[in-house]
Amino acid sequence: MVAVEGSVVLVTGGQRGLGKAFTEALLRRGAAKVYVTARKPVPEEDPRVVPLPLDVTDAEAVTAVAERAGDVSVVLNNAGVLYPSPLIEADMADVVATFDTNVFGALRVARAFAPVLAANGGGALVDVHSLLSWASGAGAYGASKAALWSVTNSLRLELAPQGTQVVGVHLGFADTEMVAAIPVAKLSPAEVAEAVLDGLEAGEDEVLVDEATRRVKAALSGPVANLAVPLGR
């Protein structure tokens, strides 16, 4: 398990939405420094928050951030994109972009920071998945989160020898700009962040943030028809 107090953390996509909530929660718990990435970062007033430019689809940019943030002990893979279209009808470029960000982008970050975490005592890698990792009808987004879930489970085994805790996070819709147009009940980003950090500090491998997520995971043992949660267009 990893303590947040006194830690140095990287949050991808850390200046808006759920990423911003993670950053604020980390600071409340006493993180010493939080690197926050964005494609076009903006200045931060709190000296503990260090903005860095990052496009997770750019391998060279990911490497540069890992070199810059060599004191990190916790990596929070939060950056993601959502194009809410059915797989058959979606622009194939959007499908590819979804996987490049949500799956390969997260893996690029994990690969770049694995040696950093090892050098700093093991630390933790936190990957943000979704209830839609297990649901059908969620288009490329759900498929990408399912792939990331599998990637995270493999990384947990691969990084265990270096003492890195790998945490997979699943949740329903958090109340952020990304899903503003989707008419469903939404979670408070602050509550999500607190639940995730509770799980991190408790040494959990997986955090199921809300009851809806727990129900969907429990349904994995039943008929696949029970997993239909259409995302819409």
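Right above here is the structure, for reference.
Residues numbered from 1 in each chain as written. Predicted model: local features only at pLDDT ≥ 70, side-chain atom pairs only at ≥ 80, totals over all residues. Heavy atoms only, no water.

1. Re the overall build of the chain
Counted only if it meets this: Segments assigned H or I by DSSP are reported as helices when at least four residues long, segments assigned E as strands when at least two residues long, and all are numbered from the N terminus. We compute the radius of gyration over the C-alpha atoms and compare it with the globule rule, which gives 2.2 Å times the number of residues raised to the power 0.38. Here a residue-residue contact requires only that any non-hydrogen atoms of the pair lie within 4.5 Å. Computed by Shrake-Rupley with a 1.4 Å probe, the accessible areas treat only the displayed protein chains as cover when residues are assessed. For the charge count, each Lys or Arg is scored as positive and each Asp or Glu as negative, with His and the chain ends excluded. Charged groups are reduced to one reference atom each: NZ for lysine, CZ for arginine, CG for aspartic acid, CD for glutamic acid.
Along its length, the chain carries 6 helices and 7 strands. For 233 residues, the compact-globule estimate of 2.2 N^0.38 gives 17 Å, and the chain sits close to it at 17 Å. Reported as C-alpha extents along the three principal axes, the dimensions of the chain are approximately 45 × 35 × 30 Å. Of the contacts formed within the chain by residues at least 6 apart in sequence, a portion of 68% connects residues at least 24 apart. Taken as a whole, the chain presents about 10600 Å² of accessible surface, with 56% of it coming from carbon and sulfur. Charge centroids of the chain, computed over 18 positive and 27 negative side chains, lie 2 Å from each other.

2. Side note on the sheet that holds strand S5 (residues 124-128)
Spelled out, the test is: Pairs of strands are assigned from DSSP output, requiring at least two bridges between the strands. Here the axes come from fitting lines to C-alpha atoms, over the contacting stretch only for helices, and the angles between their N-to-C directions go from 0 to 180 degrees.
Taken in spatial order, the 7 strands of this open sheet run S3-S2-S1-S4-S5-S6-S7, and their pairing is parallel. Every interior strand has two partners, whereas the edge strands, strand S3 (49-53) and strand S7 (206-208), have only one. Mean inter-strand twist for the sheet, computed between neighbouring axes without regard to direction, equals 15 degrees. Bridge count for S5 against strand S6 (residues 165-170) is 5 bridges, and the pairing is parallel. Across the sheet, the residue bridging to Leu125 is Val166, located in S6. Those strands touched by helix H1 (residues 17-28) are strand S1 (8-11), strand S2 (33-38), S3, strand S4 (74-77) and S5, and its axis lies near 170 degrees from that of S1. On top of the sheet, helix H4 (residues 139-159) reaches S5, S6 and S7; it is set at about 160 degrees to S6, its chief contact.

3. So, the pairing of S2
Condition: Partly exposed describes any residue whose relative accessible area lies between the buried limit of under 20% and the exposed limit of over 50%, with all areas from a 1.4 Å probe on protein chains only and scaled to the type maximum. Every crossover in which the path from the first strand over the helix to the second runs clockwise, viewed with the strands pointing away from the viewer, is termed right-handed.
Burial analysis of S2 places 5 of its 6 residues in the buried class, the great majority of the element. Across 4 bridges, S1 lies against S2 in parallel orientation. Paired with Val11 across the strands is Val36, a residue of S2. Taking the sense of rotation as the criterion, the β-α-β connection linking S1, H1 and S2 turns out right-handed. Here 5 bridges tie S2 to S3, and the two strands are oriented parallel to one another. Bridge pairing in S3 links Ala38 to Pro53.

4. Observations regarding the environment of Glu191
Positionally, Glu191 belongs in helix H5 (residues 189-202). Relative accessible area serves as the criterion here: at 55%, Glu191 is assigned to the exposed category.

So far we have only geometry, and geometry alone does not tell us how the molecule works.
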